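Examination of the molecular architecture
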Amino acid sequence: MTHDTLAEMPCRELVELVTDYVENRLSPLDRARFEAHLAECGQCTTYLEQMRQTIRTLGRLPLESLSLEAASALAAAFRDWAH
């Protein structure tokens with residue numbers, strides 16, 4: 001399958017799939033669509049790098065260092081973020 005035959009992936013769909021991409025859980029077709037979009041969209045490429053940096057940074061924080069209030073605030077922020 002070539003780049004020309006892939007169904008285009010809009011930015012919104014990429015945002016919704018970024019975690020699955022980073023965790024290598026996309027189907028081969030969706031991975032190809034995701035990467036084709038990245039090749040054309042600098043904003044989504046920047047977004048992906050920001051997400052990777054966030055994951056790297058948060059991966060080094062011990063869970064105990066996050067207060068219950070902060071955990072709740074983050075959960076609420078990300079729950080509404082993709083909408």
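What you are looking at is a predicted structure, and each value in this text was computed from that prediction instead of being measured.

The rules we used
- Residues numbered from 1 in each chain as written.
- Predicted model: local features only at pLDDT ≥ 70, side-chain atom pairs only at ≥ 80, totals over all residues.
- Heavy atoms only, no water.
- Helix = DSSP H or I, 4+ residues; strand = E, 2+ residues; numbered from the N terminus.
- Buried < 20%, exposed > 50% of the residue type's maximum accessible area, 1.4 Å probe, protein only.
- Contact = heavy atoms within 4.5 Å.
- Axes fitted to C-alpha atoms, helices over the stretch in contact; angles between N-to-C directions.
- Left-handed = near helix turned anticlockwise from the far one by under 90°.
- Nonpolar A, V, L, I, M, F, W, Y, C, P; charged D, E, K, R; others polar.
- Core = buried A, V, L, I, M, F, W, Y, C linked by side-chain atoms within 4.5 Å.
- Polar contact = N/O pair within 3.5 Å; in protein donor to acceptor, adjacent residues only side chain to side chain.
- pLDDT = per-residue confidence, 0-100.
- Salt bridge = Lys/Arg side-chain N within 4 Å of Asp/Glu carboxyl O.

Some details on the overall build of the protein
- Helix and strand counts for the protein come out as 4 helices and 0 strands.
- Within the span of the protein, comprising 83 residues, buried residues form 20% of the whole.
- In the protein, 57% of the contacts between residues at least 6 apart in sequence involve partners at least 24 apart.

Focus on the packing of helix H1 (residues 11-22) against helix H3 (residues 42-58)
- Direction vectors running N to C along H1 and H3 enclose 35°, while the axes themselves pass 11 Å from each other. Remark: the crossing between H1 and H3 carries right-handed chirality. Facing Cys11, Leu14, Val15, Val18, Tyr21 and Val22 of H1, the residues of H3 in contact are Cys44, Tyr47, Leu48, Met51, Arg52 and Ile55.
- Among the residues forming the contact of H1 with H3, the class breakdown is 11 nonpolar, no polar and 1 charged.

As for the nonpolar core
- Membership of the largest hydrophobic core comes to 13 residues, with the highest contact counts inside it found for Leu14, Val18, Tyr21, Phe34, Leu38 and Leu48.
- When residues no more than four places from it in sequence are discounted, the contact partners of Leu14 are Met9, Phe34, His37, Leu38, Cys44 and Tyr47.

Looking at the environment of Cys44
- Tracing the backbone through its elements, the reader meets Cys44 in helix H3.
- A sequence separation of 34 residues divides Cys44 from Pro10, and the C-alpha atoms of the two residues are 10.0 Å apart.
- Once residues lying within four places of it in the same chain are set aside, the contact partners of Cys44 are Cys11, Leu14, His37 and Leu38.

Details of the side chain of Arg33
- With respect to the helices and strands, Arg33 occurs in helix H2 (residues 28-40).
- A distance of 3.2 Å separates a polar atom in the side chain of Arg33 from the backbone oxygen of Glu8.
- In this structure, Arg33 is in contact with Leu6, Ala7, Glu8, Met9 and Glu13, ignoring residues within four places of it in sequence.

Here's the deal with the confidence of the model for the protein
- In this model, the protein carries an average pLDDT of 84, and 86% of its residues clear a pLDDT of 70 or more.
- Considering each helix and strand of the protein separately, the mean pLDDT is smallest for helix H4 (residues 68-81), with a value of 76, and largest for H2, with 97.

Quick word on the pattern of salt bridges
- Scanning the entire structure with this criterion turns up 7 salt bridges.
- Linking Arg12 and Glu16 is a salt bridge whose minimum nitrogen-to-oxygen distance equals 3.6 Å. On the criterion of helical spacing, the pair formed by Arg12 and Glu16 is a turn pair, its members being 4 residues apart in helix H1.
- Residue Glu23 pairs with Arg25 through a salt bridge whose shortest N-O separation is 2.9 Å.
- Residue Glu23 is classed as partly exposed on the basis of its relative accessible area of 46%.
- Because the salt bridges share partners, they merge into one network encompassing Glu13, Asp30 and Arg33.

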